[in-house]
Amino acid sequence: MIAELGHFALILALVLALVQAVVPMIGARGNRMALMAVGRPAARGHFLFLLVAYVCLTWVFIQSDFSVQLAASNSHSDTPLIYKITGVWGNHEGSLLLWALALSGWTVAVTVFSRHLPEAFMARVVGVLGWISAGFVSFTLFTSNPFDRLLPAAAQGRDLNPLLQDPGMIIHPPLLYMGYVGFSVAFAFAIAALLTGRLDAAWARWSRPWTTVAWVFLTAGIAVGSGWAYYELGWGGWWFWDPVENASFMPWLLGTALIHSLAVTEKRGAFRSWTVLLAIGAFSLSLLGTFLVRSGVITSVHAFATDPARGLYILALLVLVIGISLGLFAWRAPKLSGGGSFALLSRESSLLGNNVLLAVACFAVLLGTLYPLFLDALNMGKISVGPPYFEATFVPLMTPVVILMMIGPFVRWKGDDGARLGRMLWLSALASVIAGGAVAVAIDHVTWRSVLGLTLAAWVLIASVQLLRRRLGERPGAPVINRLRGIPAAWWGMWLAHLGIGVFVIGVTMVGSLEQDLDVKMREGQTTELAGYTFTFNGAQRFAGPNYDAETASVTVTRGDRRIAVLTPEKRVYRAQSMPMTEASIDVGPLRDVYVSLGDQVEPGAWIVSLHFRPFISWIWLGCILMGLGGIFAATDRRYRKLAERDATSPVGAAAQAG
Amino acid sequence: MVDHMRPVLAALALSLSATAFAAGEATPVAEDPALEARVIELSQTLRCLVCQNETIAASRAPLAVDLRNQVREQLAAGKSEEEVVDFLVGRYGDFVLYKPPFRASTVLLWLGPGALAILGIGWLSLRLRRRATESDTPELTADQRTQARQLLGEQDNESPPESRK
Amino acid sequence: MKTKFLAPLAIFVLLAGFLAYGLTLNPREVPSPLVGKPAPEFTAPRLDAPEQSFRVSDMRGQVFLLNVWASWCVSCRQEHPLLVQLSRQGVVPVVGLNYKDERAAALQWLREGGDPYTTNVVDADGRIGIEYGVYGTPETFLIDQQGVIRYKHIGPMSPDVLRDVLLPKIAELSRG
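Note that the coordinates shown come from a computational prediction; the quantities given were computed from them, not determined experimentally.

Participant: I tried to follow the overall build of chain C on my own but got confused; where do I start?
Facilitator: Within chain C, the secondary structure is distributed over five helices and seven strands. Of the regular secondary structure in chain C, the N- to C-terminal order runs α-β-β-β-α-β-α-β-α-β-β-α. On C-alpha atoms alone, chain C measures out to a radius of gyration of 20 Å, which is more than a quarter above the 16 Å that the 2.2 N^0.38 rule sets for 176 residues. Dimensions of chain C, computed from the C-alpha atoms along their principal axes, are close to 80 × 40 × 30 Å. Surface exposure of chain C reaches about 8,500 Å², of which carbon and sulfur atoms provide 54%. Each charge sign in chain C was given a centre, from 18 positive and 18 negative side chains, and these centres are 9 Å apart.

Participant: Just to check I follow, could you spell out the pattern of salt bridges for this structure?
Facilitator: This model, assessed by the stated rule, comprises 32 salt bridges over all chains. A salt bridge links Arg542 of chain A to Glu551 of chain A, with the nearest nitrogen and oxygen atoms 2.8 Å apart. The closest approach of N and O atoms between Arg163 of chain C and Asp160 of chain C, which form a salt bridge, is 3.1 Å. Of the two residues, Arg163 of chain C and Asp160 of chain C are both situated in helix H5 (residues 159-175); the distance of three residues between them amounts to about one turn of the helix. Residue class for Asp160 of chain C comes out partly exposed when judged on its relative accessible area of 44%. A single network of salt bridges, built from pairs that share partners, joins Glu4, Asp65 and Arg149 of chain A.

Participant: Which parts of the structure should I look at to understand the confidence of the model for chain B?
Facilitator: Fine structural detail should not be taken from predicted coordinates in areas where pLDDT scores are low. All names here are of chain B. For chain B, per-residue confidence averages 80 on the pLDDT scale, and 74% of positions sit at 70 or higher. The secondary-structure element of chain B with the lowest mean pLDDT is helix H1 (residues 2-23), recorded at 50, while helix H4 (residues 81-92) shows the highest, at 95. This stretch, residues 15-22, has a pLDDT under 50; its non-local contacts, to residues over four places away or in other chains, come to zero contacts. Below pLDDT 50 for its whole length, residues 157-165 participates in zero contacts with residues either more than four positions away or in separate chains.

Participant: Quick question: what am I supposed to make of the interface of chain B and chain C here?
Facilitator: The accessible area lost on association of the parts is a frequent measure of interface size. Contacts between the two partners involve 18 residues from chain B, matched on the other side by 17 residues from chain C. Taken together, both faces of the contact between chain B and chain C bury some 1,400 Å²; the carbon and sulfur share is 49%. Three residues, Asp66, Arg91 and Tyr92 of chain B, lead the burial of chain B against chain C; their summed loss comes to 38% of the area buried on that side. Along the contact surface separating chain B from chain C lie seven residue pairs in polar contact (both at pLDDT 80 or more).

Participant: Hey, could you run me through the interface of chain B and chain A in this one?
Facilitator: The interface is formed by 41 residues belonging to chain B together with 53 residues belonging to chain A. Taken over both partners, the interface formed by chain B and chain A buries close to 3,800 Å², and the fraction arising from carbon and sulfur atoms is 67%. In this assembly, chain B and chain A are joined by one salt bridge. A salt bridge links Arg60 of chain B to Asp600 of chain A; its shortest N-O distance comes to 3.9 Å. Looking at the side of chain B that touches chain A, the elements with two or more residues in it are strand E1 (27-28) and helix H5 (107-133) of chain B. When residues in the side of chain B that touches chain A are grouped by element, the largest group, 15 residues, is from H5 of chain B. Residues that form the side of chain B that touches chain A fall into these classes: 21 nonpolar, eleven polar and nine charged. Examined bridge by bridge, strand E1 (residues 516-523) of chain A and E1 of chain B share two bridges and lie antiparallel to one another. From the neighbouring strand, Val520 of chain A faces E1 of chain B, where its bridge partner is Pro28 of chain B.

Participant: When you look at the environment of Ala57 of chain B in this model, what are you seeing that I'm missing?
Facilitator: All names here are of chain B. Take Ala57: it is sitting in the loop between helix H2 (33-43) and helix H3 (62-76). Using a relative accessible area of 26% as the deciding quantity, one classes Ala57 as partly exposed. Linking Ala57 and Ala142, residues 85 residues apart in sequence, is a C-alpha distance of 70 Å.

Participant: Help me out: how do you make sense of the nonpolar core in this one?
Facilitator: In a soluble, globular protein the nonpolar side chains are often hidden away together inside. Counting 193 residues, the largest nonpolar core has Phe121, Phe189, Trp203, Val276 and Phe291 of chain A together with Leu19 of chain C as its most contacted members. Dropping the residues within four chain positions of it, Val276 of chain A is found in contact with Ala190, Leu194, Leu199, Trp203, Phe329 and Leu336 of chain A. Grouped together as the second largest cluster of nonpolar side chains are 46 residues, Val39 of chain B together with Val56, Phe64 and Ile149 of chain C included.

Participant: I keep staring at the side chain of Asn67 of chain C and nothing clicks. Help me out?
Facilitator: Residues and elements named next belong to chain C. You can see Asn67 is positioned in strand E3 (residues 64-69). Classification of Asn67 by relative accessible area gives buried; the value is 0%. Polar side-chain contacts of Asn67 include one of 3.0 Å to the side chain of Glu79. Engagement of the side chain of Asn67 in a polar contact is seen with the side chain of Thr140, the distance being 3.0 Å. Setting aside its immediate chain neighbours within four residues, Asn67 contacts Glu79, Leu83, Val94, Val95, Gly96, Leu97, Tyr117, Glu139 and Thr140.

Participant: What's the story with the state of the cysteines in this structure? I'm lost.
Facilitator: Among covalent bonds in proteins, the disulfide is the one between the sulfur atoms of two cysteines. All names here are of chain B. Under the definition given, this model contains two disulfides over all chains. Each sulfur of the disulfide joining Cys48 and Cys51 lies 2.1 Å from the other. Across the S-S bond linking Cys48 and Cys51, the dihedral sits near 65°, which makes this disulfide right-handed. A residue is classified by how much of its surface remains accessible, and Cys48, at 0% relative accessible area, is buried. Judged by relative accessible area, which is 8%, Cys51 ranks as buried.

Participant: Mind showing me how you'd approach a nonpolar patch on the surface here?
Facilitator: All names here are of chain A. Taken together, the side chains of Met1, Ile2, Leu5, Val52 and Trp59 present a nonpolar region at the surface, about 490 Å² in accessible area. Those elements that place two or more of their residues in the nonpolar patch are helix H1 (2-30) and helix H3 (39-62). Structurally, Trp59 is set in helix H3.

Participant: Help me understand the sheet that holds strand E8 (residues 585-588) of chain A in this model?
Facilitator: Pairing between sheet strands relies on hydrogen bonds along the backbone, with the strands arranged either parallel or antiparallel. The five strands are arranged E8(A)-E9(A)-E10(A)-E1(A)-E1(B) in an open sheet whose pairing can be described as antiparallel. The open sheet has two free edges, formed respectively by E8 of chain A together with E1 of chain B, since each of these has just one partner strand. Packing of helix H9 (residues 201-232) of chain A onto the sheet brings it into contact with E8, strand E9 (592-603) and strand E10 (606-615) of chain A, and relative to E9 of chain A it is tilted by some 40°.

Participant: Please clarify how the sheet that holds strand E6 (residues 139-143) of chain C should be interpreted in this entry.
Facilitator: Residues and elements named next belong to chain C. One open sheet holds the five strands; their spatial order is E5-E4-E3-E6-E7, and the pairing between them is mixed. Edge positions in the open sheet fall to strand E5 (119-123) and strand E7 (149-154), since each of these has one partner strand only. Sheet twist, expressed as the average angle between the axes of neighbouring strands with direction ignored, equals 20°. Note that strand E4 (residues 94-99) and E5 share five bridges and pair parallel. If you follow Val95 over to E5, its bridge partner there is Thr119. Along the sheet, helix H2 (residues 74-89) makes contact with E3, E4 and E6, crossing E3 at roughly 155°. Together, E3, E6 and E7 form the strand contacts of H5, whose direction differs from that of E7 by roughly 165°.

Cut-offs and rules
Residues numbered from 1 in each chain as written. Chains lettered and ligands numbered in written order. Predicted model: local features only at pLDDT ≥ 70, side-chain atom pairs only at ≥ 80, totals over all residues. Heavy atoms only, no water. Helix = DSSP H or I, 4+ residues; strand = E, 2+ residues; numbered from the N terminus. Rg over C-alpha atoms; globule rule 2.2 N^0.38 Å. Areas by Shrake-Rupley, 256 points an atom, 1.4 Å probe, with all protein chains shown as cover. Lys, Arg positive; Asp, Glu negative; His and termini not counted. Charge placed at Lys NZ, Arg CZ, Asp CG, Glu CD. Salt bridge = Lys/Arg side-chain N within 4 Å of Asp/Glu carboxyl O. Buried < 20%, exposed > 50% of the residue type's maximum accessible area, 1.4 Å probe, protein only. pLDDT = per-residue confidence, 0-100. Contact = heavy atoms within 4.5 Å. Buried area = accessible area lost by both parts, 1.4 Å probe. Polar contact = N/O pair within 3.5 Å; in protein donor to acceptor, adjacent residues only side chain to side chain. Nonpolar A, V, L, I, M, F, W, Y, C, P; charged D, E, K, R; others polar. Pairing = 2+ DSSP bridges. Core = buried A, V, L, I, M, F, W, Y, C linked by side-chain atoms within 4.5 Å. Disulfide = S-S within 2.5 Å. Patch = residues over 30% accessible without salt bridge, like charges linked within 9 Å, V, L, I, M, F, W, Y side chains within 5 Å. Axes fitted to C-alpha atoms, helices over the stretch in contact; angles between N-to-C directions.

As structure tokens, then:
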């Protein structure tokens, strides 16, 4: 019954999505207020029915109703409650519903927080989002119905994949989807601007907070995913350039370029066609990612159960959405050229350079991900493209980006003097090279990679300090606390996010240079050493979990006389599918992680124990946190709220409303 | 019974304690750490063919273990990394390599990003130089000029904006 | 319309074309670089008589199929009846390579499902498999009279592949 209710709600959601897609657009064309006004209630109704459908599906899982195919394949009566709930999105159909729900949620948020925007513009934005919603909900209904019945009902479910029965599963997909889907708002804003033929600084200002928030979600989602892979997979790796990982990283790269491009369009009215293209591109890559993960054209651990028929439907959706938007771009963008001029050396040109490099880096990732497909399609053989390729191409491309990232904030808008910049920055640059080299020597790991990474990180840190001092120095005489308060949130956002990149680079470089691994066969009482730590194996005990049986080992970690931790790695067998899994145990520290996982019991009482030493790995997550925090600061700058109020009440605003 | 076992056990323990420390060191799984480091480094660039995108270093699949053993045997026998790679590629094709070989078919892959970066920056510099010499104000078309004149002409006859509220 | 603004659309259309074609491909299938090369020589004990050994060169002068199988392999069950039927037709001898298996289990399997193999050899540790680029069972190699591998089929044999690819190739090779 509940499943049928959910199914019916989904159908109603589709109907409302179509209404939301069609009616406001027609209204905007003819400037008919009544039709345009349908957008908001349609969007809210759509969200409501999707929510009902989602809740029904979750209820089916919680109640362990195995007459529904999806629950039978992805759940079990003994599965802990939280993983029954999150198991809803641990499969193709349920995660699609989550995607649609996220999109609908963003749409409603746009209708709530953008009341001050012109009606015709908003009608178009809501309409575009409605088309995308309709596409996804129809895809779900026609090819991937989560409410399909299994008759006769299964006596017991097959349980959720043990790898997904983890806290990471609780936060990673929602964050990631909020990010992916969030770029649809910038996309819809861009399409609406192309349709009206007007793209001005106001448009950029409206788009910025939405894009930044989506970017924050995506940053958090990718970071959590990486952290989850780190502790889950058991061997201390955190990024593999897997096609699905790349599918999330590409929108992030273009999204970063988009944020910076929007800043210029807002401040100086320049880059308009470039910004629009980036907005289309970022969301297109989100859609491409959806295609790659669900169609079966690439091989990945993270891919959903594949089905070329579904792939065809998504591809059709992709072709329609991206094809139409790029066609619109080709038609309307030429009219958007113009905007303020600026010198060869200026803040604008620095940002433009940054955009070009980020776009090329994104292209490199796309090329590497899809090249095996290209060659196979052309019958030119089968190759694999993995970490060696990506590291060889991506790192050299990102190096100038990181360098430019800290020069840009010092460069004046419109035009600057190279000599002046050189005088300002040469000392910091020199100090960075010296610091980078010195640290590389100190850690006794001098390779071109470690020296480069450490120099870049030093550059970011040193230039950040210099930037802050300059900013504080703008109000001499005022107390420091007032000076700090006087700096707008957006500036702090930029500063923190850039600093986050530096911290991230430190983490990556140090881990890459100094990590150590060791596999040992241990019996109770035996010890071994790694990276100055002593590990004592205290044997293993049997333990029965709710839906698994485990062997839990105890390993004492000491350093000299000090006891650091008692780690408890586990080897589990999940009963439903007799699937073995290893649960690592990590002692997390600000300067290093000590990581232990349990292998096989090769002889009675003798276990293979895998030890891993990961210095500075927490700095990777810290860097991402700083980036996300920076984004939050930037998005919540008072300017946006104040300008929003001004837009609503001023005569300029009134004129814009009518237009 | 346990009571009179205790002194015996204690004696045993004492006699074994000297050897116990030696037995206390766990044995690394790898017999030769230096060789093993080479095996792992090479294995991290080789693909497990039965897995969904994993290296033979990370995978626990039987084929991955077999291939890792092959790598270890061959390196131990004195073969170089290139020879081991050639051995595997000869049997499994380029698919087994995570670092795609540089061939005519992969020129675009390896040189594409770099070339695009150079082209992109070059195009950008040209555009920026041209832009810097262009005028600030955008050109108006004849229609737009007429429109502007009309608006300005009309505005002279109307009341100031503030009273329009 | 300035042409440079059409570039993104053009690139996307090209990409979509590749993606569409990609839907028909199997990204996990690994083609063999050994096709057209001499079949690697090996000497292995026979399954039914372990004291006797078999060499690939023993089959010189005949076109034959080398089928890699194991009793633990689920997909092998799928193709087994087809192989039995093929052996009854007597079109081409099938040599079995029992891959990483237990002798008792393998013999049991043959007893239960029938024995389509003219000879069965044991590859206990998988080394012969690696020489042949085997990565998953079942796999079938078509080898000609000179001992050159002419075709490799990955996965369970299907009537279509047999009818449309293998049998014509066998006929062609037998003629020439």
